[in-house]
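The primary structure of each chain is shown beneath.
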Amino acid sequence: MNTQIRKIIMACTGLFLCFFLLIHFLGNTQLFLAPEEARKSFNMYSSFLTGNIFVKLVSYVLYLSIILHAIYALIISTINRKAGGHYSTDNRGRSSKWYSRNMGILGTIILIFIVLHFQNFWYVYKFGSIGLDPWGHKDLYTVVVTAFQQGWLVIVYVIAMAALAYHLIQGISSGIRTLGLFHPKFVRWINIFGMVYAIAICVGFALMPIYIYFTHN
Amino acid sequence: MKLYLKIWRQKDRVSEGKLVEYTLDNVNTHMSFLEMLDTLNNQLITNNEEPVEFDHDCREGICGQCGVVINGIAHGPLKNTTTCQLHMREFKDNETILIEPFRAAGFPVKKDLKVDRGAFDRIISSGGYVSVNTGQAPEANTIPVGHETAEAAFDSAACIGCGACVATCKNGSAALFTSAKITQLALLPQAKEERDQRALKMIAQMDKEQFGHCSNTEACEVECPQGISVLNIARMNYEYNRASFLKFKK
Ligand code: HEM
Ligand code: FES
């Protein structure tokens, strides 16, 4: 195991999570539909996902990715801390972005969020007692709406999405380079793509609890 | 001008060091940073104190020997400039200047402001060369090298190996240095034969020397006296991946 392999594991798991995020985002845009329609189509979509064997496989890759990404984040950060120098006055910050230096802290915020998020919805859906909607599907929509009527939870979700946005602005372009996929001509476009991807998805996700909070209170 | 200096003094590798304060009068603004340190050392020698040790050689920004951290920045406030090319006009009268050695696990302090950069030499000797048969020099034009390629290789070769990238990196990573050396050779046809082995060996040596991972913060490029591009690192990653995953031969 060397620095390259560890970073490749970070990049592959991280970029897979980014890809998953897009699918997750597209599915969840159904929450923006009119309430009754949203309830029907969102619940139908959720039960379709639980039944599908292919989705099940992807979800195992997802769990594995999160775990590996977090473990390697810890390993890499620990080694880096030991390897890096410490100065009595440190002005090195002028030459890089704060979020590129604090991926571990941003990641920790995201990890706490992921645990909370799983507990809010994933656990309730899988193991909790959950009512059925008029169409016979588990009524996840109502669980989501009830959750996001709590202002504090909405704020927590928005903060988490801000952390995720910064993590991804740095992470996407960094991950692509870690894999050695680069070309001097396209570097700028890849950075712009990463930034647009990160901001669009995170703002979109953040708008969901905000939208529900204001339309259901 | 008058300066208040706080300089890292450390007796040897194993001793604990500390910051020591000095006052220096009559500093000329046209002096280079190293000349200012020479002036201080003259003063110290006159007073029967031990002079501050620091590395230097060419004093014209090309050898890569000099390098200290000045006010928390490798090679000081001026971007893309070595310590020897930094002049005292960049500082104010009565300013306090804090001077520390480059710090990283891969760069142990030898004495005062001198660090052991032997790790860089060992990375180079692990694979940063082209094997050629001795004998008569071959005809220079038998292997054509396109102008663009030659220029790109030269851009990477411009690295003077000063170690500011390592000192600037929060992870103490030597990725910029190692990647510049790998890229420089990867681009040239004469060096293609040993391409895969070179990437694998140099990276293995880099890891052995206790340098950290590259986080792509890109701070190294900003503080590099030669402005070596971080794209060298992406290129190194490509070379590594190619050598380890795309090549099935031994
Ligand atoms: C589980 C919580 C997480 C933690 C603790 C975490 C931590 C980290 C750390 C420490 C890095 C390394 C950056 C560096 O080398 O300096 C990183 C990179 C990255 N992360 Fe995360 N992260 C987390 C979640 C996520 C999520 C949810 C995504 C995507 C949706 C993601 C995407 C990425 C990407 C693409 C990289 C770039 C890999 C590279 O630099 O080569 N991370 N993460
Ligand atoms: S002394 Fe040669 S680069 Fe500064």
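Heads up: the structure comes first, above all this text.
Below you will find a few notes about this structure. (Residues numbered from 1 in each chain as written. Chains lettered and ligands numbered in written order. Predicted model: local features only at pLDDT ≥ 70, side-chain atom pairs only at ≥ 80, totals over all residues. Heavy atoms only, no water.)

## Some details on the site of ligand 1
Filter applied, for reference: It suffices for a single heavy atom of a residue to lie within 4 Å of a molecule or strand for the residue to be listed as near it. What qualifies as a polar contact is a pair of N or O atoms within 3.5 Å, subject to a donor-acceptor requirement within protein and to the restriction that residues adjacent in sequence count only when both atoms come from side chains. Numbering goes from the N terminus for both helices and strands, where a helix is a DSSP run of H or I of at least four residues and a strand is a run of E of at least two. As a working rule, the residues Ala, Val, Leu, Ile, Met, Phe, Trp, Tyr, Cys and Pro are called nonpolar, Asp, Glu, Lys and Arg charged, and the rest polar, with Gly in that last group.
Taken together, 24 residues sit near ligand 1, with A:His69, A:His167, A:Ser174, A:Thr178 and B:Ser215 positioned nearest. Residues within reach of ligand 1 are spread across chains A and B. With respect to ligand 1, the side chain of A:Lys7 contributes an N or O atom lying 2.9 Å from an oxygen atom. Here a nitrogen atom of ligand 1 and a side-chain polar atom of A:His167 are 2.8 Å apart. Elements that contribute at least two residues to the shell around ligand 1 include exactly helix H1 (3-28), helix H3 (53-83), helix H5 (103-127) and helix H7 (151-178) of chain A. Of the residues forming the shell around ligand 1, the biggest block, eight residues, is contributed by H1(A). Residue composition of the shell around ligand 1, grouped by class: eleven nonpolar, twelve polar and one charged.

## Section: the packing of aromatic side chains
Two aromatic rings, taken as a pair, are described by how far apart their centres are and by the angle between their planes. Residues and elements named next belong to chain A. Our working rule: A pair of Phe, Tyr and Trp rings is counted when the ring centres sit within 6.5 Å of each other, with Trp represented by its six-membered ring. The angle between the planes then sorts it: under 30 degrees is stacked, over 60 is edge-to-face, the rest tilted. When a residue's accessible area, from a 1.4 Å probe over protein chains only, is under 20% of the maximum for its type it is buried; when over 50% it is exposed; and in between it is partly exposed. Only Lys NZ and Arg CZ are tested; either one counts as a charge over a ring when it is within 6 Å of the ring centre and within 35 degrees of the ring normal.
By the definition in use, this model includes 23 aromatic pairs over all chains. An angle of 75 degrees between the planes, with centres 5.9 Å apart, marks the rings of Trp-122 and Phe-127 as edge-to-face. Among the residues examined, Trp-122 registers a relative accessible area of 31% and is labelled partly exposed. An angle of 75 degrees between the planes, with centres 5.0 Å apart, marks the rings of Phe-148 and Tyr-157 as edge-to-face. We note that Phe-148, like Tyr-157, is buried. Grouped by ring-pair contacts, the aromatic residues Tyr-60, Tyr-63, Phe-118, Trp-122, Tyr-123 and Phe-127 constitute a single cluster. Its guanidinium or amino end placed over the ring of Tyr-125, Lys-138 lies 5.1 Å from that ring's centre, counting from NZ or CZ.

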